[in-house]
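One letter stands for each residue in the lines below.
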Amino acid sequence: MTAMPIDVVCLRPEADFARVDAMPPASLSVRYCAPSDPAVPSYLKTARGLVIPAVGPKLPAGLFADTALALVQVTGAGVDRIDPAAVKASNIPVANIPGGSNNAIAEYVMTTASLLLRRLSWADAEIKAGRYSEWRARMIADNLGGLEKALIGIVGLGVIGLAVARQAVRAGCRVCYYDPASPNAAAAAELQARSVGLDELLSSADVVSLHVPLLPATTGLIGARELARMKPAAVLIQASRGGIVDEAALAAALQAGGLAGAAVDVYATEPPGADNPLLGLTGEARNRVLFTPHIGGVTRQASTFLFRTAWQNVARVLVDGLEPLYRVY
């Protein structure tokens, strides 16, 4: 008996799709594999589609040589796992799903900003340690501010940055942004968000939220100099890509009390190693940082949209013979 041809190789578990009711259409035959499966290169000799998660290590360039692939579909927005030269050399289209996590990330930014500004997670730790009265007195004495009328500084006003701006305005915040090439300047103006230089944003914002891709120009964008410009009562939200913030510089700023806090969802190396300087913070600095495991854009609602849209695009190309939507390369 001849085996059915494999139309699609998927490098994320079938359970991910079943969990959010986003299984592929019956017109596709899908083989689910771990990225480390040594058989993946041989499967790609006949598979016409490859579906990958946006988060994970870079895929070997050789994976895309001499394949039958007609599409690489990412189930999120980030495409930094793929070597552009490799897919272009083999003329393999690559598509992502832009914007599917916008609301989830905007919710993450506003939630973590509030937790840090008001020291709510820190208060939880203090109360569990038996210091209820002392900590309540300190919170009142320190005159902590909340989100209302706070200035939210957004670095990178793409679709995600714009979603954060809209959420911030709904929360009663003021907004400024730094993005010289933003295609969303008109939408920002409707929100009364001001375009400013990076130095002005850093020195004036109560919350600095990063939403730029990882490129040579953005690697290390926020280092010791930039952190030193921020107000001591300000907080930093890093939910973009690891490598945009100098983690050693951020750890030093937090340890010295130069920042009120930071939420860190992405890391230069994932998972972060024990030698990550942020994991070595001591004393009160440990309570100034809120760690999450690259989950800022992950909610049930976002995953359902991303996965369903990804499969629709795969079927559009492999079954209907149409050009892919959201093509990146």
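Further up the page is the structure itself.
Residues numbered from 1 in each chain as written. Predicted model: local features only at pLDDT ≥ 70, side-chain atom pairs only at ≥ 80, totals over all residues. Heavy atoms only, no water.

(A) Focus on unusual backbone geometry. Residue P271 is reached from E270 by a cis peptide bond, and omega for that bond is -5 degrees. With respect to the helices, strands and loops of the structure, P271 is situated in the loop between β11 (261-264) and β12 (289-291). For N143, which is not a glycine, the phi torsion comes out positive at approximately 55 degrees. Topologically, N143 is positioned in the loop between α6 (132-141) and β6 (151-155). The residue K149 is not glycine, and still its phi comes out positive at about 65 degrees. (Helix = DSSP H or I, 4+ residues; strand = E, 2+ residues; numbered from the N terminus.)

(B) Focus on the packing of aromatic side chains. With the rule as written, the count across this model stands at five aromatic pairs. Plain terms: the ring middles of F17 and Y32 are 6.2 Å apart, the flat faces sit at 45 degrees to each other, and that makes the pair tilted. Of this pair, F17 sits in helix α1 (residues 14-19) while Y32 is found in strand β2 (residues 30-32), placing the two residues 15 residues apart along the sequence. Residue classification places F17 among the buried residues on the basis of a relative accessible area of 0%. (Phe/Tyr/Trp six-rings, centres within 6.5 Å; stacked < 30°, edge-to-face > 60°. Buried < 20%, exposed > 50% of the residue type's maximum accessible area, 1.4 Å probe, protein only.)

(C) Structural context of the environment of A224. As for its placement among the helices and strands, A224 is situated in helix α10 (residues 224-229). Look at A224 and you get exposed, because its relative accessible area is 55%.

(D) Representation of the pairing of strand β3 (residues 49-52). Of the two faces of β3, the one holding G49 and V51 and the one holding L50 and I52 are both buried throughout. Two strands pair when backbone bridges link them, and strand β1 (residues 8-10) and β3 are joined in this way by three bridges, in the parallel orientation. Within the sheet, the bridge partner assigned to V9 lies in β3 and is L50. (Pairing = 2+ DSSP bridges.)

(E) Structural context of helix α4 (residues 102-117). Across its 16 residues, α4 extends 22 Å between first and last C-alpha, which sits within 8% of the 22 Å expected from 1.5 Å per residue. With twelve of 16 residues buried, α4 lies mostly within the body of the structure. Taken together, the buried positions of α4 are N102, A104, I105, A106, Y108, V109, M110, T112, A113, S114, L116 and L117. The first or second residue beyond α4 is R119, which carries a positive phi of 55 degrees. (Expected span 1.5 Å × (residues − 1).)

(F) Highlighting the sheet that holds β2. Sheet architecture is open: five strands sit in the order β2-β1-β3-β4-β5, paired in parallel fashion. Of all strands in the sheet, those with a lone pairing partner are β2 and β5 (94-95), marking the two edges. The strands touched by helix α12 (residues 300-318) are β1, β2, β3, β4 (71-74) and β5; relative to β4, the strand with the most contacts, the crossing angle is about 170 degrees. (Contact = heavy atoms within 4.5 Å. Axes fitted to C-alpha atoms, helices over the stretch in contact; angles between N-to-C directions.)

(G) Local environment of the packing of α4 against helix α7 (residues 159-170). Close contact between α4 and α7 brings their axes to 8 Å; oriented N to C, the two are set at 50 degrees. It follows from the interaxial angle that α4 and α7 lie oblique. In this structure, the crossing between α4 and α7 has a hand that is right-handed. Counted together, N102, I105, A106, E107, V109 and M110 of α4 and V159, I160, A163, V164, Q167 and A168 of α7 form the full contact between these two elements. (Parallel < 35°, antiparallel > 145°, perpendicular 65-115°, else oblique. Left-handed = near helix turned anticlockwise from the far one by under 90°.)

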